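# Coordinate analysis (summary)
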Amino acid sequence: QVDLVESGGGLVQAGGSLRLSCVMSGRTFGLYPMAWFRRAPGQEREFLCAIKSSGSTIIYADSVKGRFTVSRDNAKNTLYLQINSLNFEDTAVYYCATGTNWPPKYDYWGPGTQVTVSS
């Protein structure tokens, strides 16, 4: 049983920053690539970024380059997403996912954490 649990979401003012976390259990975290996605209200799920198991390779969606930073701490089984300069379009449920291969084929997802950006 692989479980992913996101945290760190909440209500944030526009222009602010937030760091999301995702803890994985049931699988050796350091062996698998991880990724972040989001789904905004009325929108399809959007890929944000992915990071290889070692952290040596990272890919970002063009829409978030420069504002989003993904990282991982394999000793803590934790994936992070730093989001800076939040704007209203960042309001969404943010999900972490894990998978195999590269680019990853995702097989497990967390329940998500809500991020709401206010004025």
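In case you missed it, the structure is sitting above this.
Below or above, wherever it landed, is the structure these notes cover. (Residues numbered from 1 in each chain as written. Predicted model: local features only at pLDDT ≥ 70, side-chain atom pairs only at ≥ 80, totals over all residues. Heavy atoms only, no water.)

Within strand 9 (residues 92–100), eight of the nine residues are buried, which leaves it mostly tucked inside the rest of the structure. As paired strands, strand 4 (residues 34–39) and strand 9 are joined by six bridges and run antiparallel to one another. Considered in strand 9, the bridge of W36 is made with C96. Bridge count between strand 9 and strand 11 (residues 113–118): three bridges; the pairing is antiparallel. (Buried < 20%, exposed > 50% of the residue type's maximum accessible area, 1.4 Å probe, protein only. Helix = DSSP H or I, 4+ residues; strand = E, 2+ residues; numbered from the N terminus. Pairing = 2+ DSSP bridges.)

Quick look at the nonpolar core now. With 26 residues, the main nonpolar core has L20, M34, W36, L48, L79, L81 and Y94 as its most contacted residues. Counting residues per element, this core draws most heavily on strand 3 (residues 18–25), at four residues. Once residues within four sequence positions are removed from consideration, L81 is found in contact with L18, R19, L20, W36, L48, C49, F68, T69, V70 and Y94. (Core = buried A, V, L, I, M, F, W, Y, C linked by side-chain atoms within 4.5 Å. Contact = heavy atoms within 4.5 Å.)

What follows covers the environment of C22. Examined against the element boundaries, C22 turns out to sit in strand 3. Exposure remark for C22: the relative accessible area of 0% places this residue in the buried category. Remark: the alpha-carbon pair of C22 and V5, spanning 17 residues in sequence, is separated by 5.3 Å. Sequence-distant contacts of C22, that is, excluding residues within four places in its chain, are made with L4, V5, E6, M34, W36, N77, T78, L79 and C96.

Our focus in this paragraph is the side chain of T98. With respect to the secondary-structure elements, T98 resides in strand 9. A polar contact of 3.2 Å, which involves the side chain of T98, links it to the backbone oxygen of P33. Those residues within four positions of T98 in sequence are excluded, and the remaining contacts are V2, L4, M24, R27, Y32, P33, M34, K105, Y106, D107 and Y108. (Polar contact = N/O pair within 3.5 Å; in protein donor to acceptor, adjacent residues only side chain to side chain.)

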